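Breakdown of the fold
This is what each chain is made of:
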Amino acid sequence: MATNGASVSTDERLKQAYEVLSKRNHNRALSLKDAGTVIRAAGYSPSNSELKRIIDTTLGATYAHQLFDLKTIEDLCSGLKKRSEKDVHDSLRCFDYERNGFISAQELKYFLSTRGEKLSDEEIDEMLRDLDIDQQGMLSIEQALSLFFVGNYTV
């Protein structure tokens, strides 16, 4: 893991995210949904349909119903376009009207519901549950970035 603010590599982020979800899954391989979460946490941005197409092409159509180990997930990531942390940060900054590094939880909810793969209100609420949202409903952009990236990040 990086220290002193150093950036974490995509490979390390992939490994960290996999370990977190695998531990939650009693140290077993991951479902397709969790594999997608790991891939996105590492900075890639495939939609669910794109990810399924990559799996079908790379591993075969029946593989989408199997479990994914770290090596298989790493293989799926080869050739995927990595999402830039700066791009996501800049996208979130458009909701920082006071330019103080904070956005409202409602605006983040809007951002999550309108970008990329559509998330349900329940999925978004679950994602926001662990964030430190103040009494005015505000949170730091850095906290919001933690939804998209694992480990330290640079903007």
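Our subject in this report is the structure included herewith. (Residues numbered from 1 in each chain as written. Predicted model: local features only at pLDDT ≥ 70, side-chain atom pairs only at ≥ 80, totals over all residues. Heavy atoms only, no water.)

1. Re the packing of aromatic side chains
A complete count under the given rule lists two aromatic pairs for this structure. For the pair F95 and Y110, a centre-to-centre distance of 6.3 Å together with 80° between the ring planes defines the contact as edge-to-face. Placement of F95 in the loop between α5 (85-93) and β1 (102-104) and of Y110 in helix α6 (residues 105-114) is noted, with a sequence separation of 15 residues between them. When its relative accessible area of 48% is taken as the criterion, Y110 is described as partly exposed. Their ring planes at 85° and their centres at 6.1 Å tell us that F95 and F111 sit as a pair that is edge-to-face. Of this pair, F95 sits in the loop between α5 and β1 while F111 is found in helix α6, placing the two residues 16 residues apart along the sequence. (Phe/Tyr/Trp six-rings, centres within 6.5 Å; stacked < 30°, edge-to-face > 60°. Helix = DSSP H or I, 4+ residues; strand = E, 2+ residues; numbered from the N terminus. Buried < 20%, exposed > 50% of the residue type's maximum accessible area, 1.4 Å probe, protein only.)

2. Regarding the environment of Y63
Examined against the element boundaries, Y63 turns out to sit in the loop between α3 (48-59) and α4 (70-77). What makes Y63 partly exposed here is its relative accessible area of 22%. For the pair formed by Y63 and K52, sequence separation is eleven residues and the distance between their alpha carbons is 9.4 Å. Sequence-distant contacts of Y63, that is, excluding residues within four places in its chain, are made with I55, F68 and T72. (Contact = heavy atoms within 4.5 Å.)

3. Structural notes on the packing of α6 against helix α7 (residues 121-128)
Between α6 and α7, whose axes approach to 10 Å, the crossing angle comes to 130°. One way to sum up the angle between α6 and α7 is to call them oblique. α6 and α7 meet at a crossing whose hand is right-handed. Residue-level contacts link A105, L108, K109, L112 and S113 of α6 to D121, I124, D125, M127 and L128 of α7. A class-by-class count of the residues in the contact of α6 with α7 yields six nonpolar, one polar and three charged. (Axes fitted to C-alpha atoms, helices over the stretch in contact; angles between N-to-C directions. Parallel < 35°, antiparallel > 145°, perpendicular 65-115°, else oblique. Left-handed = near helix turned anticlockwise from the far one by under 90°. Nonpolar A, V, L, I, M, F, W, Y, C, P; charged D, E, K, R; others polar.)

4. Focus on the nonpolar core
L14, V38, I39, I73 and C77 are the most contacted members of the largest nonpolar core, which totals 20 residues. Only α1 (10-24), α2 (32-41), α3 and α4 provide two or more residues apiece to this core. Discounting chain neighbours no more than four positions away, the residues touching I39 are L14, Y44, P46, L51, I73, L76, C77 and L80. In this structure, V88, A105, L145 and F148 belong to the second largest nonpolar core, which totals 16 residues. (Core = buried A, V, L, I, M, F, W, Y, C linked by side-chain atoms within 4.5 Å.)

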